[in-house]
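# What the coordinates show
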Amino acid sequence: MKRLHTAVALSVLLVGLPTSAQTLIHHTGTLKSAATGSVTTTFNYTGAKTTYTVPYGATSIVITAKGAQGGSATTPGNAGGLGAVVTGTFTVTGGSVLNLLVGGAGTNHLDSASRGGGSFVATAANAALLVAGGGGGAGTNYSAAAANASLTTTGNTGYDPGRTGNAAGGSGGAGGGAGRLTGGGGGFSGNGVASGSDGGASISGPGISFLNGGAGGASSTSSACATWSSAPGGFGGGGGAGYAAAGAGGGYSGGGGTDGCPAGTGGGGGSYNGGTNPSSAVTNTGHGQIIITVPVSLPTLTNWLRGAPTSDPANRRAFVTSISALNGASNYTSSLETWTGSWQAPQAIYEHGGNLDDPTTWYQTGTGEGSTWSTGSSASAIPAGELVVDMQQVRTLARFVVFQMFSDGKTTHAYFYSHPSTSATPPTNTDAGWVLRGGGAVGAGATNASTTVTSPTTFTMTPFTSRYIKIRAQNDGTLLSPSYIELKGVKAFSQ
């Protein structure tokens, strides 16, 4: 161990920080740091909902959603209804989150195949952006027009000629109606209808809506025709199949159920496109899929806090003007021009190369590199260390990325301040002009051997301008030793 001090348990948060400043956001989407080219992210079927984070700098994205195919009736060889393929362009804000569900294909069966699930894209507030309907399951009595997904917002009606137990598809986001033997497909907001009978036994289950989780409907057997096994509906609101009755498709509005004695075809689910430059077709086979493309060039991400020795002016965009400590802490070292070795004062703004503008990775030549403070023994508030940084001119900042050191201590909280001064004389860390811009709890991070640090914590905030930045680092002892505040590095970006 490089140093030996008595560890002191500290649990009281630093007072005076407004809760509005403690907003922590972990971004999991694709980040692009190249100056040109597009970013494409593909989501395949997994059986669970997921999310997508819009890259910073993006103003529009192109989304293609593919609904899943319905199951096929293997005895007569009728293929399940095809899923919709829907594409639109959407205006977005970098850092915003979209909710996604990729539909699962229906299950093939002798003559009671289950239906496919729809694929859904919605905002974080669950407002529909794009929905591709899933295909209905095929029966012995088959109609491709009924089984294929609908390109309108209304689901298709179940098909079984000469029977009276077929049901219409839903509209306006509702689930489809229940046929005599099968429940309706799930819609965006409404479950498929579950009412109906087949002479006493229950019908197979309806598909569940996107807003309610998107599960496929359960299958069942029917004593009205004969007793036979059947298959559950595909994830994404697919209706379950009942003997001699194929399931209805899920989508923006669910497809209608069918009678099924003999084997009817479930109706395909409806589709929705809230984007510009829309296109649509009914062509998808197999599971659904969602493809999101950022078609515009993204600005290069630049690390405005990048420090370097005076002998390296090309990389010296910023430098530390003071290191100080609060609440019983003390500076482990105080030299502002010692950039190599371990635990040196200015190192939290100095990555040694390789990932200078990468917001996800910090390159290091040693695990001990980073700004460090000894914590002391104060029990009234969490010890804190502060760096004042001069970016040499006024910059616009909106995002800070904090990387952990993997030595003796950690940083458990970080806060960021701006100052109105633009003069060549830097403010002190206690100057009354500092304005808190954001910050909060810092995660444990990860490291790859001794060369890189990953899994940083990202803080986003309303963009602001400043020449001077103050970084406050704290250690409450919950991540590692409470004896030291150790901060590997901070990168700051305009977006």
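Look a little higher up for the structure.
My aim in this report is to walk through the structure given alongside it, one point at a time. These figures come from a predicted structure and were not determined experimentally.

### A closer look at the overall build of the protein
Of regular secondary structure, the protein possesses one helix and 21 strands. Among the 495 residues that make up the protein, the fraction classed as buried is 56%. In the protein, the proportion of contacts linking residues at least 24 apart, taken out of those at least 6 apart, comes to 71%. When the accessible surface of the protein is totalled, it reaches about 17200 Å², and 53% of it is carbon and sulfur.

### Observations regarding the pattern of salt bridges
In the structure shown here, the tally under the stated rule is five salt bridges. Between Lys491 and Glu351 there is a salt bridge whose closest N-O contact spans 2.9 Å. Taken as a pair, Lys491 in strand E21 (residues 484-493) and Glu351 in the loop between strand E12 (330-331) and strand E13 (362-363) lie far apart in primary sequence, 140 residues in all. With respect to burial, Lys491 and Glu351 carry one shared label: buried.

### Topic: the nonpolar core
Counting 32 residues, the largest nonpolar core has Leu305 and Phe400 as the members making the most contacts within it. Taken together, the elements giving at least two residues each to this core come down to strand E11 (319-326), strand E15 (384-404), strand E16 (413-419), strand E20 (457-474) and E21. With residues up to four places along the chain from it excluded, the contact list for Leu305 reads Ala318, Ile349, Val389, Met391, Phe400, Ile469, Ile471, Val490 and Ala492. Listed in part, the 23 residues of the second largest apolar core include Ala58, Ile61, Ala65 and Phe90.

### Quick look at the side chain of Gln344
Mapped onto the elements, Gln344 comes out in the loop between E12 and E13. Apart from the residues within four sequence positions on either side, Gln344 is in contact with Thr333, Thr338, Gly370 and Ser371.

### Digging into the sheet that holds strand E3 (residues 60-66)
On the basis of which strands lie adjacent, the open sheet formed by five strands has the order E1-E10-E3-E4-E9 and antiparallel pairing. Single-partner strands in this sheet number two, and they are strand E1 (39-44) and strand E9 (276-284). Averaged over all adjacent pairs, the angle separating strand axes in this sheet is 15°, with direction ignored. Relative to strand E10 (residues 289-294), E1 is paired through six bridges, and the arrangement is antiparallel. Bridging across to E10, Phe43 finds its partner in Ile290.

### Considerations on the sheet that holds E13
If you walk across this open sheet you meet the three strands as E13-E19-E18, and the pairing is antiparallel. The outermost strands of the open sheet, each flanked by one partner alone, are E13 and strand E18 (446-448). Relative to strand E19 (residues 452-454), E13 runs antiparallel, the two being bridged by two bridges. From the neighbouring strand, Tyr363 faces E19, where its bridge partner is Thr452.

### What to know about the side chain of Lys470
When you line up the elements, Lys470 lands in strand E20. In this structure the side chain of Lys470 is engaged in a polar contact, spanning 2.8 Å, whose partner is the backbone oxygen of Asn429.

### Quick notes on unusual backbone geometry
If you check the backbone angles, Asn126 has positive phi at about 65° while not being a glycine. Structurally, Asn126 is set in the loop between strand E6 (119-123) and strand E7 (128-132). For Asn277, which is not a glycine, the phi torsion comes out positive at approximately 50°. Assessed through its relative accessible area of 59%, Asn277 is described here as exposed.

### Remarks on the environment of His352
Secondary-structure assignment places His352 in the loop between E12 and E13. According to the relative accessible area criterion, His352 is partly exposed, its value standing at 25%. Through-space distance from the C-alpha of His352 to that of Asn315 is 10.0 Å; in sequence the pair is 37 residues apart. There is a polar contact of 3.3 Å between the side chain of His352 and the side chain of Glu369.

Thresholds applied
- Residues numbered from 1 in each chain as written.
- Predicted model: local features only at pLDDT ≥ 70, side-chain atom pairs only at ≥ 80, totals over all residues.
- Heavy atoms only, no water.
- Helix = DSSP H or I, 4+ residues; strand = E, 2+ residues; numbered from the N terminus.
- Buried < 20%, exposed > 50% of the residue type's maximum accessible area, 1.4 Å probe, protein only.
- Contact = heavy atoms within 4.5 Å.
- Areas by Shrake-Rupley, 256 points an atom, 1.4 Å probe, with all protein chains shown as cover.
- Salt bridge = Lys/Arg side-chain N within 4 Å of Asp/Glu carboxyl O.
- Core = buried A, V, L, I, M, F, W, Y, C linked by side-chain atoms within 4.5 Å.
- Pairing = 2+ DSSP bridges.
- Axes fitted to C-alpha atoms, helices over the stretch in contact; angles between N-to-C directions.
- Polar contact = N/O pair within 3.5 Å; in protein donor to acceptor, adjacent residues only side chain to side chain.

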